[in-house]
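# Descriptive structure summary
Chain by chain, the residues run as shown.
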Number of protein chains: 2
Amino acid sequence: MGDNDDSEIIEHHVDEEMEKKGTRSHAASSSFLESVTPSDREGNSGTQSSHRLLAYSDALVSIIATVMILPVAHTKVEDNEELRESFQLLLTTKIAVYLMTFLIVTVAWAAHIRLFQVIVRIDDCLALLNLACMMLITFLPYTFSLMATFPKNVLGILLFCGCVMVMGVIQSVIVLYAFSRPFLLNEQIQISENQTFYKHHILKVIMRVPLMCFFASIFSFIFFPLSYMLLAIVIFLPYISQSLKWCRSKAIGQVEETPDSMLFYTYLPNEPLSKDRVEAFSDGVYAIVATLLILDICEDNVPDPTVVQNQFGGSLIAALQVYGPEFLAYFGSFATVGLLWFVHHSLFLHVTKTTRFMGLLNTFSLAFVGGLPLAYQLTHEFPHNSRNELEAIQISCVIIFFAGIFQLTIWVVALYSEQETLHPYVRYGGREHVFMLAKLALYPCVALGTFFLTCILSKFSAQIFHLMEITVPFAFLVLRLLVRAGLALLRLIFCPDRPDPRSVVEEEDDETRVPFNALVT
Amino acid sequence: MGDNDDSEIIEHHVDEEMEKKGTRSHAASSSFLESVTPSDREGNSGTQSSHRLLAYSDALVSIIATVMILPVAHTKVEDNEELRESFQLLLTTKIAVYLMTFLIVTVAWAAHIRLFQVIVRIDDCLALLNLACMMLITFLPYTFSLMATFPKNVLGILLFCGCVMVMGVIQSVIVLYAFSRPFLLNEQIQISENQTFYKHHILKVIMRVPLMCFFASIFSFIFFPLSYMLLAIVIFLPYISQSLKWCRSKAIGQVEETPDSMLFYTYLPNEPLSKDRVEAFSDGVYAIVATLLILDICEDNVPDPTVVQNQFGGSLIAALQVYGPEFLAYFGSFATVGLLWFVHHSLFLHVTKTTRFMGLLNTFSLAFVGGLPLAYQLTHEFPHNSRNELEAIQISCVIIFFAGIFQLTIWVVALYSEQETLHPYVRYGGREHVFMLAKLALYPCVALGTFFLTCILSKFSAQIFHLMEITVPFAFLVLRLLVRAGLALLRLIFCPDRPDPRSVVEEEDDETRVPFNALVT
């Protein structure tokens, strides 16, 4: 026991069980797993479960994913028609950087999820390595801004590739370290016979991206457009390899694979993605986005005492009225983001398993949510009834629409394999099915309606938009009543021979209710 | 059943159990509670557990608590000696606003925790009410900036009091709503006979603060310093009422109380505070603070292409070298905040119950952590070997010291009632006791050491500080070895008759190990 000195560094308390059994071999771990129930290991015995480390990582990543919206938000709009084009070019660049960052960071985050679905327990060493990894992820947005501002300079590419390569090395170290202490691993791998196969498979997948980046950084000296292409391939790598596999299977028939290898790092659209982490990441993004405007308000919208004295005759209220639109924008965007979070929350309450494809749709939805406060701010920034105001309002509607429609798509995708991914209540024909549909469809419908209304009644666009902002929260409050009334109405129209629609609803409810009661009791 | 129409609005699925049992009375709920295991209720049956709502609220509150550091960070330092005084006044005001906001927001957050320790399940209506409450909390920092900038204007006070009063009303509605649907409540209250007593007790406590704010807003018209005093009382209300109670008990003897009333809203220092939420809030603050500098860097430190062309002859690297100090500051502060998080994580891994007093200490620690990136930024902003640089470095050391020492204090406080609050491993004499002490003491000791070293060798202060930044992460990596070596050395000095220190350590380990093995297997 004196030999494996460094293994003493591990704080993992399960440790002792294994030492007591006098062996550290993998074969023994399966019997060990059977003898100790999960609650014994996770509970008060102080095992370092990875839960909080992952929550912290999710918080960091969600901040970084949304941070590049700030340069977009702080681009001041000029009403000068001459500057309009150069301004639009600048804005487009910044929005492109924001979307690229969001995509890249969520790809890195997905890789992180995958890694920690294999490694389920941590020790101090892994925690510190993970922090180093996080530091590099948080630096990625900056390399992107450099690339966008200096597209022909290799420095941005080199920095980006450098970060990714170091991250790859750290992740490999994490994998090697975890496999040398198998009690840190997922139980499925712990009891598996071919751990070495897993290790090599995972390392191969992890090193793929840094390797591509290595080539990209070399090519950047020779012919830099090629390195951009390589980087684009990096993002879409899983999809490309997936379609290649599919083509191969069509061409030469299904290649047999070890069934084990299909559990982790498969990159199939229905590969499970930790639901907790998707929720934590989404919560982080929604929280940052909801507060994005108040950050600006707190910093910029406190008037200077001398200005108040000289320009407004000492009347603070008059001075604050100038900032009125900013406050309106804040409350409007907070309410909209909060309600979109509420819809997301209701949806994921009934989702029992998150797949990779659902995660991707969620990312798209979040990317639009990120742009929302900005769009709201614009709606209040222009003079009344100007063309700009109408445009800003319509852009807001489009953003809300897409944020909502991607949420709806998640549900639709989940419905395709509802037996696996959805709670019985919201499956087709389930008790909550219609209500969930109404919840998810409310924002897209309202946004679409507002969009077309503002097209027709462009003179009252601001009024229509404000009315929408105010009514939607109340619509959510009474949504269940509305759905019930709507259903009753439909019944009344199509089955007029049944006189009391309420009792019909009750009856139907009771019918659908029986199996679930039977299920629980 | 047709009567309680609105109860149908509730999404709570446990509902059906109760309806099936044909009763909604409180007496029945106890038998119901026994018949359904928690996993049945919480698990796949779609009960809206409040977990994610609380996580989202924690994320929002942690952002808001740290946001007022931004105006401090963006106050540009002038090297002009004449402006120095007015600058320092401005900075002091902003720092005061930051600390006040942090305190007020954490007080509001503690009230929120308390509320949702009573209400453990939610439905759509509660979720929406909670969002409204959050919107008001996020607005509080702004009212504080107004108060600080215009101390003699009543508008700031009125706005603040208005927010707090509306929040009080919303919270009362939440309480009334939850008590009208008892299955949303904590099980202890659900099975309790005197629910009405609880309701009145909680409402009384909740309405205390809005009532004080109401008086403060009235006094602000008559004599505004009085309203500031009232607001200060609001913050320290629990402590004041606690000490009043204590005085009364000393004067006229212990007043008997219903034992039930002592479970919630007691404001005793050892009142339990949800550990999950303390962790979530801390994670949020650490994550925001760690990324605070990269937000600025991404926005401000991308050079303009024309500037690079004209001033640096097209060399991007030369242009970026100007920003070198900012990058250093970022990596330094990220590493320090990350490691402080790591210490916090290790500590709370072994804390089994969080009390209100520990929460307060945690808040103090976090308030110092919030100032850290700023201090780091300052250390790199001044010319080498200037008086300002030395001051900035020493301020950084002081901030790190206090952030660390409050963490250590949490542990010391926990040790006082270690049977309740700590895991056996880290209790006095436990296996991990010394190691935990070393972990918690590392940053305070290093910061103190650096502080005094820079006092003596003020010429090399920057070098000492950089050395500290670089060595500490590695110190954490090998800390267990260091502690082991240190203990062995101590043993060697004080018990020189035992020749092999390693075997002694092993032996002692085995001794302490036995009970826990027995405990688990």
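The coordinates are above.
Analysis parameters
Residues numbered from 1 in each chain as written. Chains lettered and ligands numbered in written order. Predicted model: local features only at pLDDT ≥ 70, side-chain atom pairs only at ≥ 80, totals over all residues. Heavy atoms only, no water. Helix = DSSP H or I, 4+ residues; strand = E, 2+ residues; numbered from the N terminus. Buried < 20%, exposed > 50% of the residue type's maximum accessible area, 1.4 Å probe, protein only. Contact = heavy atoms within 4.5 Å. Areas by Shrake-Rupley, 256 points an atom, 1.4 Å probe, with all protein chains shown as cover. Axes fitted to C-alpha atoms, helices over the stretch in contact; angles between N-to-C directions. Parallel < 35°, antiparallel > 145°, perpendicular 65-115°, else oblique. Left-handed = near helix turned anticlockwise from the far one by under 90°. Nonpolar A, V, L, I, M, F, W, Y, C, P; charged D, E, K, R; others polar. Patch = residues over 30% accessible without salt bridge, like charges linked within 9 Å, V, L, I, M, F, W, Y side chains within 5 Å. Salt bridge = Lys/Arg side-chain N within 4 Å of Asp/Glu carboxyl O. Expected span 1.5 Å × (residues − 1).

## A word on the overall build of chain A
Assigned secondary structure in chain A consists of 22 helices and 2 strands. The burial tally for chain A puts 55% of its 521 residues in the buried class. The long-range fraction of contacts in chain A, counting pairs at least 24 apart against all pairs at least 6 apart in sequence, stands at 76%. Looking at chain A as shown, the accessible area adds up to about 22400 Å², and 67% of this sits on carbon and sulfur atoms.

## Some remarks on the packing of helix 7 (residues 124-149) of chain A against helix 8 (residues 154-180) of chain A
Axes are the key here: two packed helices are described by the angle between their axes and the distance separating the axes. Residue and element names in this part refer to chain A. The contact between helix 7 and helix 8 brings their axes to 9 Å, and the two run at 165°. Of the possible angle classes, the one that applies to helix 7 and helix 8 is roughly antiparallel. Regarding helix 7 and helix 8, the two cross each other, and that crossing is left-handed. For the contact of helix 7 with helix 8, the class distribution of residues is 23 nonpolar, 4 polar and no charged.

## Section: a nonpolar patch on the surface
Residues and elements named next belong to chain B. Nonpolar side chains collect at one region of the surface, where Leu211, Phe214, Phe215, Ile218, Phe219, Phe221, Ile222 and Phe223 lie side by side and expose about 830 Å² of accessible area between them. Inspection of the secondary structure assignment puts isoleucine 222 in helix 10 (residues 195-222). With a relative accessible area of 65%, isoleucine 222 lands in the exposed category.

## Examining the pattern of salt bridges
Per the stated rule, a full pass over the model turns up 12 salt bridges over all chains. One salt bridge in this structure joins arginine 277 of chain A and aspartate 58 of chain A, with 2.8 Å as the shortest N-O distance. Note that arginine 277 of chain A is positioned in helix 12 (residues 275-300) and aspartate 58 of chain A in helix 4 (residues 51-67), a separation of 219 residues in sequence. What makes arginine 277 of chain A buried here is its relative accessible area of 4%. Lysine 439 of chain A serves as the salt-bridge partner of aspartate 124 of chain B, at 2.8 Å between the closest nitrogen and oxygen. With aspartate 124 of chain B in helix 7 (residues 124-149) and lysine 439 of chain A in helix 19 (residues 433-456), this residue pair bridges two chains. On the basis of relative accessibility, which here comes to 2%, the residue lysine 439 of chain A falls in the buried class.

## A few points about helix 21 (residues 479-494) of chain A
In an α-helix, one turn spans 3.6 residues, which is why side chains three or four residues apart end up on the same side. Taking 1.5 Å per residue as the helical rise, helix 21 of chain A with its 16 residues ought to reach 22 Å, and the 22 Å between its terminal C-alpha atoms agrees with that figure. Every buried residue of helix 21 of chain A is accounted for by Leu479, Arg480, Val483, Arg484 and Ala488 of chain A.

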